[in-house]
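Residue strings, one per chain:
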Amino acid sequence: MANISSPGYLRRGLDELFQLARATPIVPACDTFYFVRHGETDGNYQRIFQRADQPLNARGLEQAQAAATVLRAHPLQRIVASTMDRAWVTAEILGRPHGLAPEPEDGLRERWFGDLVGTPSADHDWREDPPNGETLATFVSRTQAGIRRGLADAHVKRTVLVGHGGILYVLAPSLGLELATEVLANATPLRFDRDGAAWRMTRLADIGASGDNVA
């Protein structure tokens, strides 16, 4: 199991992102919830910063359906999703077996990279503020607010958050968890369970996608 802080993996500057997230822990009202990153897009494959309306590619649609098949066995009650197309369509597919429509949550949108959209993302340092994009501190704060809203109802026991790799970068350390590379893969269904005062994250299936491009 490779940790995302391993040398050369993904982006530089992640330690600062994690520190910002850990500084303001999230305490969900529920004891169990799920998270699914959107399925693959051509932007993931090309390793570029993506448009908000970047659609899933054929493989991404298959991955979303595979995740829906896995989650069919779980009694889901609510789906809260990023309004970016790739996450929204993934959420719609996840909800069909349960008769659920996704609820929009802009706080779960990927960090906006402004003028960098359409350019290569492989060597990006997350500490660098993109021109006309979100600062790192703004992104972390906005994401945590969206997660809190999505998990604020103690009566809803089985909520699925559908978002992006960057959202998982914020979510895990906000709960005091470490991230391994395999949980970042597209459309990987993750379950989070409260374990006393701590949280436990479980990967429910290996959908077979690469986690190399996060946004």
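Predicted model only: the values in this text are computed from it and were never measured. (Residues numbered from 1 in each chain as written. Predicted model: local features only at pLDDT ≥ 70, side-chain atom pairs only at ≥ 80, totals over all residues. Heavy atoms only, no water.)

*Asks:* Can you walk me through the pairing of strand β4 (residues 159-163) in this structure?
*Replies:* The two faces of the sheet receive side chains in turn, since in a regular strand these alternate between them. For β4, the tally of buried residues reaches 5 of 5 residues, placing the bulk of the element in the interior. Residues Thr-159, Leu-161 and Gly-163 point to one face of β4 and Val-160 and Val-162 to the other, with burial holding for every one of them. Sheet topology places strand β1 (residues 32-37) next to β4; 5 bridges connect them, and they run parallel. Counterpart to Phe-33 in the pairing with β4 is Thr-159. Pairing geometry for strand β2 (residues 78-81) and β4, over 4 bridges, is parallel. Bridge pairing in β4 places Val-80 opposite Leu-161. (Buried < 20%, exposed > 50% of the residue type's maximum accessible area, 1.4 Å probe, protein only. Helix = DSSP H or I, 4+ residues; strand = E, 2+ residues; numbered from the N terminus. Pairing = 2+ DSSP bridges.)

*Asks:* Before we go on, may I ask you to explain the environment of Thr-143 in this structure?
*Replies:* The topology assignment puts Thr-143 in helix α5 (residues 136-150). The exposure class assigned to Thr-143 is buried, which follows from its relative accessible area of 0%. Once the C-alpha coordinates of Thr-143 and Leu-168 are considered, the two residues, 25 residues apart in sequence, prove to be 9.6 Å apart. Ignoring any residue separated from it by four or fewer positions in sequence, one finds Thr-143 in contact with Gly-107, Ile-167 and Val-170. (Contact = heavy atoms within 4.5 Å.)

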